[in-house]
Amino acid sequence: MKIVLVKLANILKTQARPADIAARFGGEEFVIFLPHTDVDEAKWMAQKFNQEVEQAEWKETGCLTVSVGAATFTVKDTEASILKNADQALYASKENGRNRATHFSELS
């Protein structure tokens, strides 16, 4: 399992832009901070991460997909609330069929 997490981390880091920060956030979760990124660009980046992981060669597992939750920082947010929003979007992705990206703005 460790090799899969390392490979996933490398994919996320290679897809991230120079100013972005990709980090492991718990057991099998990762977080990517996308500074100066609006809602539309965050959605596009999340979908791109989905596609890159799905299209990668996974000899260890046969295939791998990820569910992505995204949130865009607003003036009302704190460090805790932005993570909570992204987590809610992640669970929406999982509940709606997995292997998808959901932005917090799409939840209502």
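Residues numbered from 1 in each chain as written. Predicted model: local features only at pLDDT ≥ 70, side-chain atom pairs only at ≥ 80, totals over all residues. Heavy atoms only, no water.

Let us now look at the nonpolar core. Judged by nonpolar contacts, Val-4, Leu-8, Ile-11, Leu-12, Met-45, Ala-46, Phe-49, Val-53, Trp-58, Leu-64, Val-66 and Val-68 together constitute the single largest core of twelve residues. Going through the elements one at a time, helix H1 (2–15) and helix H2 (39–55) are the ones with two or more residues in this core. Not counting residues up to four positions away in its chain, the partners in contact with Val-4 are Trp-58, Glu-60, Thr-61 and Leu-64. (Core = buried A, V, L, I, M, F, W, Y, C linked by side-chain atoms within 4.5 Å. Buried < 20%, exposed > 50% of the residue type's maximum accessible area, 1.4 Å probe, protein only. Helix = DSSP H or I, 4+ residues; strand = E, 2+ residues; numbered from the N terminus. Contact = heavy atoms within 4.5 Å.)

Before going further, it helps to examine the pattern of salt bridges. Pairing is possible between side chains of opposite charge, provided their charged atoms come close. The full count for this structure, using the stated rule, is four salt bridges. Note that Glu-106 is salt-bridged to Lys-43, the shortest N-O span being 3.9 Å. Here Glu-106, found in the segment after strand E4 (101–103), pairs with Lys-43, found in helix H2; they are 63 residues apart in sequence, far enough to count as distant. On the basis of relative accessible area, Glu-106 is assigned to the partly exposed category, the value being 42%. The class for Lys-43 is partly exposed, based on a relative accessible area of 25%. (Salt bridge = Lys/Arg side-chain N within 4 Å of Asp/Glu carboxyl O.)

Our focus in this paragraph is the packing of aromatic side chains. Summed over all chains, the structure comprises zero aromatic pairs. For Lys-7, the ring lying beneath its charged end belongs to Trp-58, and the centroid distance is 4.7 Å. Its end group placed over the ring of Tyr-91, Lys-94 keeps NZ or CZ at 5.0 Å from the ring centre. (Phe/Tyr/Trp six-rings, centres within 6.5 Å; stacked < 30°, edge-to-face > 60°. Lys NZ or Arg CZ within 6 Å of the ring centre and 35° of its normal.)

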